[in-house]
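Here is what each chain is made of, one letter per residue.
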Amino acid sequence: MDIFSELALLSRAASVRGRESGTVELLKRRWGPWLDDVRTGRLGNFVGLRRGTGPEPRPKVMAAAHMDGVGLVVTRVEGGGFLRVTSVGGIDRRLLLGQEVQVQGRRPLTGVIGARPPHLSSPEERTGTVPLEELYVDTGLAESEVKELVPPGSPVLYRQDLVLLRNGRAAGRCLDDAVGLVVLGVALEELARVEHQADFYVVGTVGEEAGRYPGAVTAAYDLWPQIAFAVDVTFGSYPGQNDPTGTYPLGGGPAIGVGPNCHPKLVALLEEQATEAGIPFSREVMPGATGTDAWGIQVVRGAIPTAVLSVPLRYMHTPVETVSLDDIASTGKLLARAVARVDRPAVEGLSCYEDKPRT
Amino acid sequence: MLRGQAEDVNPAAGRPRPPTDADTDTDTAVDTNTAVDTNTAILGRLADACGLAGDEGEVRTILRETLAGLVDEISTDTMGNLVCRKGSGPLRVMLDAHMDEVGLVVSGYDETGLLRFKESGGLDPRVLPGRSVLVGPRKIPGVIGTQAVHLLDKEEKDKAIPTKELYLDIGARSRDEAAAAAPPGTPVYFSTRFERLSDRVVKGKAFDDRAGCAVLARVLAEADYPGLTILGVFTVQEEVGLRGAQTAAYRLAPDLALVVEATSCADVPGTQPHETVTRLGCGPAITLADANIVVPPGLRGHLRGLAERHGVPYQFRRLTTSGNDAGGIFLQRTGIPTCALSLPCRYLHAPVNLLHLDDLAGTVRLVHLFLESLAKGEVPL
């Protein structure tokens, strides 16, 4: 699999929550050959099944990556055809000014985010960000045309093609979580080459960035897997960060979450498989809410054992989110290895806590 | 080819247009579009080219190639200005547009291979984070990232990031690798591509002042005014202090000069009518005065009169601060009468500019009218 081009396709197809259907259609085409069944959930999830070879009833393993990205939506069209917008998900207000954007109206339009120009603002104003309600999107089109083409609610995303940097790194928009989806694709491709007992469900979830994980929890309820992995991105390290301990090096392989959201036996399985395969990895300390689909999935029905597997990513929620393509490949391989190890005894072992008495 | 296009008049849509010599039995709509396409092609090539102050080679090459054979003499000077002479009449007219654009320059590295940079020309640092850029003459892709918004303290979320705290990431993994790929002083350009957003509005970078360069290129290619020596000067280093224009004007000693620039256009939500400076699509803006000069009333009045007589939409530049090459030219020798026309450009000095093609065509037209009247001896000097 050419990871760069897969990532480029998914980055280009991305949109905000509620607008994931373009990604669903893309996943159907890209993953179809490896899947035995494909369907769309009632809330818009992509759900694909690759059947295992184990005896019935086979264990079910689910891996989820979210399809929605952060962005803006149009709230109204101002006189002169300027678009007013609000944010969907955790947008970084510090970098909106002057960005080129794609307005996903009745047809895609290009625009630029503007505000009252700097020569009219005071030096103090320029030390702060421009409030979202004072920003607008300028498409260069006449007001009548804009009104026809851009109904309120139209998504506005950064317009940024994926670019290849040195050392196999790539930068672009909505890699959170296009990266996770590519990891699932790599895992599918790997599993097509090896025998696996468990049924493997790959799920593209909707609405992760909005919180409450609507896609993840409904898919988990529907599929009721014995194991679920959330594949997402985590903070890539770079200098000047407030808390460098919570960041992970690009090129250092996946970050395996540890904490209450991560079943200890799944953590052990991932770490053991990474070590066996010579895949470098970090341990990501997650003492509470992980901010991933796993947080929602874990408490579905009578609880589902979950783990969090993350690819380090710099500059999260910007148009130039940056990752190492090698990390995507190794995370996909690790996920595949873990899935291939799941059999009935392994699943049964997940509810056995053989706690040793403390001395 | 720039030469020989039948029609360059392109008044604002819907306005009646007075007849010109070119108005015969040809279909006006087609001719107008041809003119627009010609303007668009040269502007696109110039805007996608890259050149900071002191680094204008790529732009200079395009202009030299474009104008070879269409002017009488092309030369460069020690600053790097490109001088294109057309005609050899007694009245020496300097036309000025600058080649350099604003951008960044690599200034250092850290041990992980990230690059530090400084600004070249005046930039609002708030447009830098989250930006994709091109580094150096080989245009290596890079990005200017920021710490993830999730990791910020509350008060940091609404604080602009000063340039000295930003990093440029080209994917390098060590100081040595970064320094070898982009030695100190390497220019960094915005990666914005030229595109048409509609029939009349285009998007790109560096319209300040590649739009002026496009106007000059077209005018020089078409100009045929006996009595004039037209000195088309594509200048260097405007953005760092009008450096090239000063020396070119001294050396060429013109009788008068016309500067063609891009200027702010703040006809956007949140501004009062008196704050707009210019309005997009309402024609070239005539300078009355700026931070450096007061345009001789006779010259600016003449420009206005020409525009009115010939039905070319125009406006005045409604800002007295900021300036352009005119401020460098008028003080040379014993003083050179200098006037300026500006193309309204939204988001000037930012990575993505918008420009109206009617303004481009209108400026070409008005410069031609100006030269024509100079050749006829109508201009008060």
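None of the values given here were measured: they were computed from a predicted structure. (Residues numbered from 1 in each chain as written. Chains lettered and ligands numbered in written order. Predicted model: local features only at pLDDT ≥ 70, side-chain atom pairs only at ≥ 80, totals over all residues.)

Observations regarding the overall build of chain A
Now for step 1: Counting its secondary structure elements, chain A contains nine helices and 17 strands.
Now for step 2: Relative to a compact globule of 359 residues, whose C-alpha radius of gyration would be 21 Å, chain A shows 21 Å and is just as compact.
Now for step 3: By residue count, 59% of the 359 residues in chain A fall in the buried class.
Now for step 4: Counting only contacts in chain A whose residues sit at least 6 apart along the sequence, the fraction spanning at least 24 positions is 77%. (Helix = DSSP H or I, 4+ residues; strand = E, 2+ residues; numbered from the N terminus. Rg over C-alpha atoms; globule rule 2.2 N^0.38 Å. Buried ≥ 20, exposed ≤ 12 C-beta atoms within 10 Å, placed from the backbone. Contact = placed C-beta atoms within 7 Å.)

Comments concerning the pairing of strand 9 (residues 155–158) of chain A
Residues and elements named next belong to chain A.
Now for step 1: Sheet topology places strand 4 (residues 71–77) next to strand 9; two bridges connect them, and they run antiparallel. Its bridge partner being in strand 9, Val73 is matched across the sheet by Pro155.
Now for step 2: Judged from the three bridges that link them, strand 6 (residues 100–104) and strand 9 form a sheet pairing that is antiparallel. Paired with Val101 across the bridge in strand 9 is Tyr158. (Pairing = 2+ DSSP bridges.)

Things to note about the domain arrangement of chain A
Residues and elements named next belong to chain A.
Now for step 1: What the domain assignment reports for chain A is domain 1 (3–69 + 174–349) and domain 2 (71–158).
Now for step 2: Taking only C-alpha atoms, the centre of domain 1 and the centre of domain 2 are 32 Å apart.
Now for step 3: At the junction of the two partners, domain 1 supplies 11 residues and domain 2 supplies 13 residues.
Now for step 4: Of the residues in the side of domain 1 that touches domain 2, the class split is four nonpolar, four polar and three charged. (Domains from an automatic or database assignment. Nonpolar A, V, L, I, M, F, W, Y, C, P; charged D, E, K, R; others polar.)

Topic: the pairing of strand 9 (residues 187–190) of chain B
All names here are of chain B.
Now for step 1: Here strand 9 shows no split at all, with Pro187 and Tyr189 on one side and Val188 and Phe190 on the other all buried.
Now for step 2: Sheet topology places strand 4 (residues 103–109) next to strand 9; two bridges connect them, and they run antiparallel. Note on strand 9: the bridge partner recorded for Leu104 is Val188.

Digging into the packing of helix 6 (residues 297–310) of chain B against helix 8 (residues 357–375) of chain B
All names here are of chain B.
Now for step 1: Relative to each other, helix 6 and helix 8 sit at 110 degrees, their axes nearing to 10 Å. Between helix 6 and helix 8, the crossing angle belongs to the class labelled roughly perpendicular. Judged by the sense of rotation from one axis to the other, the crossing of helix 6 with helix 8 is right-handed. For the pair helix 6 and helix 8, the contacting residues are Leu303, Leu306, Ala307 and His310 in the first and Leu366, Leu369, Phe370 and Ser373 in the second. (Axes fitted to C-alpha atoms, helices over the stretch in contact; angles between N-to-C directions. Parallel < 35°, antiparallel > 145°, perpendicular 65-115°, else oblique. Left-handed = near helix turned anticlockwise from the far one by under 90°.)

Focus: the sheet that holds strand 10 (residues 163–164) of chain A
All names here are of chain A.
Now for step 1: Ordered by their spatial adjacency, three strands build an open sheet running 10-11-17, and the pairing between neighbours is antiparallel. Sheet topology places strand 10 and strand 17 (321–324) at the edges, where each strand pairs with a single neighbour.
Now for step 2: As paired elements, strand 10 and strand 11 (residues 169–172) share two bridges and run antiparallel to each other. Along strand 11, the bridge assignment pairs Leu164 with Ala170.
Now for step 3: This element, helix 8 (residues 325–340), spans strand 11 and strand 17 of the sheet and lies at about 60 degrees to strand 17.

Some words on the interface of chain A and chain B
Now for step 1: With 53 residues of chain A at the interface, the matching set in chain B holds 54 residues.
Now for step 2: Within the residue set of the side of chain A that touches chain B, elements represented by two or more residues are strand 7 (108–114), strand 8 (136–138), strand 10 and strand 11 of chain A.
Now for step 3: Considering each element in turn, the side of chain A that touches chain B owes the most residues, three residues, to strand 7 of chain A.
Now for step 4: Partitioning the side of chain A that touches chain B into residue classes produces 21 nonpolar, 19 polar and 13 charged.

What to know about helix 6 of chain B
Residues and elements named next belong to chain B.
Now for step 1: With 14 residues, helix 6 ought to run about 20 Å at 1.5 Å a step, and its terminal C-alpha atoms sit 20 Å apart, in line with that.
Now for step 2: Turning to helix 6, its buried residues are Leu299, His302, Leu303, Leu306 and Ala307. Down the axis of helix 6, the buried side of the element spans an arc of 130 degrees, and every buried residue falls inside it. Within helix 6, the exposed residues directed more than 90 degrees away from the buried face are Pro297, Glu308 and Arg309.
Now for step 3: With its phi angle positive at about 65 degrees, Gly311 sits one or two positions after the end of helix 6. (Expected span 1.5 Å × (residues − 1). Arc of directions from axis to C-beta.)

Side note on the packing of helix 6 (residues 264–277) of chain A against helix 8 of chain A
Residues and elements named next belong to chain A.
Now for step 1: With their axes 9 Å apart at the nearest point, helix 6 and helix 8 run at an angle of 115 degrees to one another. When the axes of helix 6 and helix 8 are compared, the crossing they make is right-handed. When helix 6 is examined against helix 8, the residues Leu269, Leu270, Gln273, Ala274 and Ala277 are found in contact with a partner set consisting of Lys333, Leu334, Arg337 and Ala338.
Now for step 2: Of the residues in the contact of helix 6 with helix 8, the class split is six nonpolar, one polar and two charged.

Observations regarding the sheet that holds strand 2 (residues 46–50) of chain A
All names here are of chain A.
Now for step 1: Pairing in this open sheet of eight strands is mixed, and the strands run 1-2-12-3-13-16-14-15 from one edge to the other. What marks the edges here is a single partner per strand, and that holds for strand 1 (37–40) and strand 15 (282–285). Sheet twist, expressed as the mean angle between neighbouring strand axes with direction ignored, is 25 degrees.
Now for step 2: Where strand 3 (residues 60–66) and strand 12 (residues 199–205) come together, seven bridges link them in parallel fashion. By the bridge assignment for strand 12, Ala64 is matched with Val203.
Now for step 3: Sitting on the sheet, helix 4 (residues 175–191) is in contact with strand 2, strand 3, strand 12, strand 13 (227–235) and strand 16 (306–313), with an inclination near 135 degrees to strand 13.
Now for step 4: On top of the sheet, helix 8 reaches strand 3, strand 12, strand 13 and strand 16; it is set at about 165 degrees to strand 16, its chief contact.

Topic: the nonpolar core
Residues and elements named next belong to chain A.
Now for step 1: Ranked by size, the top nonpolar core spans 237 residues in total, and within it Ala63, Ala64, Val179, Val183, Leu335 and Val339 carry the most contacts.
Now for step 2: The element that contributes the greatest number of residues to this core is helix 4, accounting for 11 residues.
Now for step 3: Apart from residues no more than four positions distant in its own chain, Val339 is found in contact with Val61, Ala187, Leu191, His196, Ala198 and Phe200. (Core = buried A, V, L, I, M, F, W, Y, C linked by C-beta atoms within 7 Å.)

Overview of unusual backbone geometry
Now for step 1: Residues Glu56 of chain A and Pro57 of chain A are joined by a peptide bond in cis, for which omega reads -10 degrees.
Now for step 2: Position of Pro57 of chain A among the secondary structure elements: in the loop between strand 2 and strand 3.
Now for step 3: Here the amide bond leading from Asp208 of chain B into Asp209 of chain B is cis, since omega sits at 10 degrees, within 30 degrees of zero.
Now for step 4: With respect to the element layout, Asp209 of chain B can be found in helix 4 (residues 207–222).
Now for step 5: Non-glycine residue Tyr315 of chain A carries a positive phi angle of around 60 degrees.
Now for step 6: Positionally, Tyr315 of chain A belongs in the loop between strand 16 and strand 17.

As for the domain arrangement of chain B
Residue and element names in this part refer to chain B.
Now for step 1: Annotation of chain B at the domain level lists domain 1 (28–101 + 205–375) and domain 2 (104–190).
Now for step 2: One C-alpha centre belongs to domain 1, the other to domain 2, and the line joining them spans 32 Å.
Now for step 3: Counting residues at the interface gives 10 residues for domain 1 and 12 residues for domain 2.
Now for step 4: Grouping the amino acids of the side of domain 1 that touches domain 2 by side-chain chemistry returns six nonpolar, one polar and three charged.

Quick word on the confidence of the model for chain B
A low pLDDT score tells you not to read the predicted coordinates there in detail.
Now for step 1: For chain B, per-residue confidence averages 90 on the pLDDT scale, and residues scoring 70 or more make up 91% of the total.
Now for step 2: Taken as a whole, residues 1–31 of chain B scores under 50 in pLDDT and shows 46 contacts with residues more than four places along the chain or in a different chain. (pLDDT = per-residue confidence, 0-100.)

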